[in-house]
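Working through the structure, step by step
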Amino acid sequence: MPGQTDTFFEAAVTALTTSRTEHIALTGNADLLLRERYFATDDEGRVTETPEAFFRRVAKALAEAEKPANARRWESVFYEVMARLFFHPGSRTLANAGSARPQLANCFVFPLADSQDAILRTFSDSCVVKGFGGGCGFNYSRIRPKGDVVRGVNGLAAGPVALLKMFDDATTLFRQRGRYESGNMAVLNIDHPDVPEFIEAKRIDGSLNMTNISLGISDDFMQAVAADADWALVNPRNGEIERKLPAAALFATACELACETGDPGLIFLDRMNVDNPLRGALGDITATNPCGEIGLYPYEACNLGYLNLPSLLLPARERRAPHLFDEERLGHVVAVGVRMIDNAISASWFPVEEIREAVAANRRVGLGVTGWADCLAASGIPYDSQEALDCADTLARAIREAARTASCALGQERGPFPNIVHTPWKDSDQQPRNVAVLALPPSGNNAVIFDTAFSIEPFFGMTYSQQVFGDRKIHSVNRTLLGMLEQRGLPTEGLLDRISRNDGSLAGLPDIPDDLQNVFKTAHEISPEWHVRMQAAFQRHVDNAVTKTVNLPADASPRDVASLYQQAWKLGCKGITVYRDTSRSAQAIEWTSATGQRKSAPQETACVGTDSACEVCE
């Protein structure tokens, strides 16, 4: 490899292979999750891998995309990055790398045209993909409204909601290797005549439980809401206005249902496309994957990866907000991570030819993170503070710059993505290998493997239970908190029991110092407005999108939801999902207070699936 590898990557290789991993430090929860979901099994379902063999399998499969002369060294680099828990590729890559038909992407978007043949083709293709563990997104806005004319006969059209129910029902039939359920994102633009029915589609708890629904929102609509103007609903079959409704009333109904059920979320389509480099040639992106962190063109897929942020912190004595991270190590890990995910694109097998072509044309990747809340708490910074927002801005910018630099280095080495000819980069000296590089998925399973908080979410609780497979649950404890208590010589005997009786919170516990209570707030103790502000701080530097659920207390109102939706739009978020505590009966993460009141983790239940909600997208 020396003399053949770009100097940029050679520096990362040298830095990350100076020392070798002799012991893989996995928690009991991580080991259980890997055995249940990722380790290879024999024909009778018995696990046949050790953690070392697992990481070596994935590393070897991804290194096979390298030139033969370089493959062994890159295999070693990929193994070290994963075994040292710095970075992991997405769940489908972890599960499927090295298999006979390695479908390594997590999620897909499919087109839905207004014809029976097109609908059935998409239905068939998406079902095949779900059988290999992929979640699917659809925009139903081209489908003629319910009761519309078909072949000259009025009243025959089934409409978008009937179709999304069909797609939802089929999803429960497909489960890759008996381990992974798929899921859907259904989007309907706010000007479709059936949007009132779509908004109400999940009013009954448990309905469409394999599908997230989101409204495709335009700036014009949000402005019409603010102006209390009428809003036109347009038949996509002929472009004619069917009727007009007060925009504010339509918005209020959406907020009411979101408060009641968690759906619909909003996707701000204009914001999604304002910095889309392919917009001029390919048009607007109108759909996302099931959790909403990546907008995709029809037949595109998302390949994801995760930085373990706590592993990249500077030593405590060297941290000075907003600079919390070892930027040299961060840059090296990001560089290797981008290369790993780009290799995953090359190594992937896809069951539908159009997917292979679309993925190869754009080579879209999404680096995400876990453990943001741990990093803030370990640095003594409250999540709900301007200082935390400044740190988020600094971190996101650093990751974006490192990832883009790595992508351009790959572009020089391997050539840019083919569709670059349609972008502003077509004549640039620095041409990226990938059309986009960052995304912030929910990271549920990767957070368990890394033993961190989820993505950029606050702590759900200092102790909680998480459903990860069928009826199996794992019990988690905030080890960042325990470590800080031990450093201060504070007693921990009986603490976890007291925290559990205190609704998973430190608030009001007399033997916990105020400064620790302030930095270890739970998601429910942080004002929803701060959730949105944190999402917006990261979104400014994320070229794909950000999955972030805004936690609401059980007594929140539709008016509260409306305020948050408007705040997210004004701050430039690409989408938003809220979750009012206890508004769903089935919840993936929960604990029980001393009074018996169940609490839920919206960052999980905002996503679909009955095992680990984020399994679909990560």
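Analysis parameters
Throughout, residues of each chain are indexed from 1 in the direction in which the sequence is written. Thresholds applied to this predicted model are a pLDDT of at least 70 for local features of residues and 80 or more for the giving and counting of side-chain atom pairs; totals over whole chains, interfaces and linings are not thresholded and use all residues. Computation of side-chain values: all heavy atoms of the structure, hydrogens and water removed. As used here, the term nonpolar core means buried Ala, Val, Leu, Ile, Met, Phe, Trp, Tyr and Cys residues forming a set that is joined through side-chain atoms within 4.5 Å. Working definition: with a 1.4 Å probe on protein chains only, accessible area under 20% of the residue-type maximum means buried, over 50% means exposed, and in between means partly exposed. Secondary structure elements are taken from DSSP: a helix is a run of H or I of four residues or more, a strand is a run of E of two residues or more, and numbering for both begins at the N terminus. The contact definition used throughout considers only heavy atoms, calling two residues in contact when any of these lie within 4.5 Å. Take a side-chain nitrogen of Lys or Arg and a carboxyl oxygen of Asp or Glu: if they are within 4 Å of each other, that pair is a salt bridge. Only strands joined by at least two bridges in the DSSP assignment are considered to pair. Note on handedness: a clockwise path from strand one over the helix to strand two, with the strands aimed away from the viewer, defines a right-handed crossover. Take the number of residues in a helix, subtract one, and multiply by 1.5 Å to get its expected span.

**Topic: the nonpolar core**
One finds Phe 221, Leu 307, Ile 355 and Trp 372 to be the most contacted residues of the largest nonpolar core, which totals 152 residues. The biggest single contributor to this core is helix H16 (residues 386–414), with 13 residues. Not counting chain neighbours up to four residues away, the residues in contact with Ile 355 comprise Phe 108, Phe 110, Val 129, Tyr 299, Ala 301 and Phe 350. Counting 16 residues, the second-largest nonpolar core is a separate cluster that includes Ala 377, Met 484, Leu 485 and Val 519.

**Looking at the pattern of salt bridges**
A full pass over the atoms with the stated rule returns 37 salt bridges. Among the salt bridges present, the one from Asp 342 reaches Arg 363, with a minimum N-O distance of 2.9 Å. Of the two residues, Asp 342 sits in helix H13 (residues 327–347) while Arg 363 sits in the loop between helix H14 (353–362) and strand S14 (365–370), which places them 21 residues apart along the sequence. The same class applies to Asp 342 and to Arg 363, which are both buried. Its salt-bridge partner being Glu 353, residue Arg 356 comes within 2.6 Å of it at the nearest N-O pair.

**Thoughts on the pairing of strand S3 (residues 135–139)**
Counting buried residues along S3, five of its five residues qualify, which places the element largely inside the surrounding structure. Judged by which residues are buried, S3 turns out to be covered on both faces: Gly 135, Gly 137 and Asn 139 on one side and Cys 136 and Phe 138 on the other are all buried. Where strand S2 (residues 107–110) and S3 come together, four bridges link them in parallel fashion. For Val 109, the partnering residue across the bridge sits in S3 and is Gly 137. Read from S2 through helix H6 (residues 116–131) to S3, the crossover connection turns out right-handed.

**What about helix H22 (residues 558–570)?**
Taking 1.5 Å per residue, 13 residues should reach 18 Å; H22 reaches 18 Å between its end C-alpha atoms and fits that length. Here H22 has its buried residues at Val 561, Ala 562, Leu 564, Tyr 565, Gln 567 and Ala 568. Check the buried side of H22 and you find it contacts helix H9 (219–227), helix H10 (247–261), strand S10 (265–268), helix H21 (528–539), strand S17 (549–552) and strand S18 (575–580).

**Regarding unusual backbone geometry**
A cis amide bond links Asp 263 to the next residue, Pro 264, at an omega of 5°. Note on placement: Pro 264 falls in the loop between H10 and S10. That bond from Ala 321 to Pro 322 is cis: its omega, 10°, falls within 30 degrees of zero. With respect to the helices, strands and loops of the structure, Pro 322 is situated in the loop between strand S13 (301–308) and H13. Phi is positive for Ser 443, which is not a glycine, with a value near 65°. In this structure, Ser 443 sits in the loop between H16 and helix H17 (444–450). Ser 443 sits in the buried class, given a relative accessible area of 0%. Phi at Ser 455 takes a positive value of approximately 40°, unusual for a residue other than glycine. You can see Ser 455 is positioned in the loop between H17 and strand S15 (463–469).

Keep in mind that these numbers describe shape and distance, not what the molecule does.
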